[in-house]
Amino acid sequence: MALLSILQYPDPKLHTLARPVQAVDARIQALIADMIETMYDANGIGLAATQVDVHERLVVIDVSDERTEPLVLINPEILWASEERVLNEEGCLSVPGIYDGVERATQVRVQALDGAGQLRTLEAEGLLAVCIQHEMDHLLGKVFVEYLSPLKRNRIKSKMLKTRRALGRADAA
């Protein structure tokens, strides 16, 4: 297993539309293991393949208190979302240190392949439902800050670029 580099907003690669995973093979199994290790190392509760510059429809999540219940969603599709919505403060491993309110459905039903390639249907509510929606947005090339006002989004972008420059990152365009 290996720790993967997480793309940082406003990297344009975060806006890449992920393509379906064609086969749950050894490459995907290794990617899943690396993504889970990376998510835990970064103290995150979810990570989409897009965030590690792999543009395939793969998400790992673990909202358990013990951090021992990783959930793998390959080619996930939301089959149903509740009309009831809730405003939660969200953060993102690709936008470190930034938290803001995003409104999402309180419950979702998702169909996806699991880590073994078996088709599963999952009912989720609360934090898990929010996390699934957040990570699936990444597969569509959307970062949570895009739900915020243009003013807030521009401030965040400027702050992220300023931090990159201060750290001497070459990709601080």
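Residues numbered from 1 in each chain as written. Predicted model: local features only at pLDDT ≥ 70, side-chain atom pairs only at ≥ 80, totals over all residues. Heavy atoms only, no water.

Caption draft 1: Here's a closer look at the overall build of the protein. What the protein contains, in helices and strands, is 3 helices and 7 strands. Along its sequence from the N terminus, the protein presents helices and strands in the succession α-β-β-β-β-β-β-β-α-α. For 173 residues, the compact-globule estimate of 2.2 N^0.38 gives 16 Å, and the protein sits close to it at 16 Å. Taken over the C-alpha atoms alone, the protein extends approximately 45 × 40 × 30 Å along its principal axes. Classification of the 173 residues of the protein by burial places 46% in the buried group. Long-range pairs, those at least 24 residues apart, make up 64% of the contacts in the protein with a sequence separation of at least 6. On the protein, roughly 9,100 Å² of surface is accessible, and the fraction owed to carbon and sulfur atoms is 52%. Taking the 19 positively charged and 25 negatively charged side chains of the protein as two groups, their mean positions are separated by 10 Å. (Helix = DSSP H or I, 4+ residues; strand = E, 2+ residues; numbered from the N terminus. Rg over C-alpha atoms; globule rule 2.2 N^0.38 Å. Buried < 20%, exposed > 50% of the residue type's maximum accessible area, 1.4 Å probe, protein only. Contact = heavy atoms within 4.5 Å. Areas by Shrake-Rupley, 256 points an atom, 1.4 Å probe, with all protein chains shown as cover. Lys, Arg positive; Asp, Glu negative; His and termini not counted. Charge placed at Lys NZ, Arg CZ, Asp CG, Glu CD.)

Caption draft 2: Region of interest: the environment of Met 39. Assignment of secondary structure puts Met 39 in helix α1 (residues 26-41). In sequence terms Met 39 and Leu 58 are 19 residues apart; their C-alpha atoms lie 13 Å from each other. Each residue touching Met 39, except ones within four places of it in the same chain, is listed here: Gly 44, Ile 45, Gly 46, Leu 47, Val 60, Ile 61, Asp 62 and Arg 67.

Caption draft 3: Summary view of helix α2 (residues 126-139). Over its 14 residues, α2 extends 21 Å from the first C-alpha to the last, a length consistent with the 20 Å expected when each residue adds 1.5 Å. The buried count for α2 comes to 12 of 14 residues, which makes it a mostly enclosed element. Within the sequence span of α2, burial applies to Leu 128, Ala 129, Val 130, Cys 131, Ile 132, Gln 133, His 134, Glu 135, Met 136, Asp 137, His 138 and Leu 139. Of the residues one or two after α2, Gly 141 is the one with positive phi, at around 80°. (Expected span 1.5 Å × (residues − 1).)

Caption draft 4: Examining the pattern of salt bridges more closely. Applying the stated criterion to the full structure yields 8 salt bridges. Between Lys 13 and Asp 53 there is a salt bridge, with the nearest N and O atoms lying 3.6 Å from each other. Of the two residues, Lys 13 is situated in the segment before α1 and Asp 53 in the loop between β1 (46-48) and β2 (58-61); the sequence distance between them amounts to 40 residues. Overall, the relative accessible area of 35% leaves Asp 53 in the partly exposed class. What you see here is one network of salt bridges that share partners, running through Glu 90, Arg 104 and Asp 137. (Salt bridge = Lys/Arg side-chain N within 4 Å of Asp/Glu carboxyl O.)

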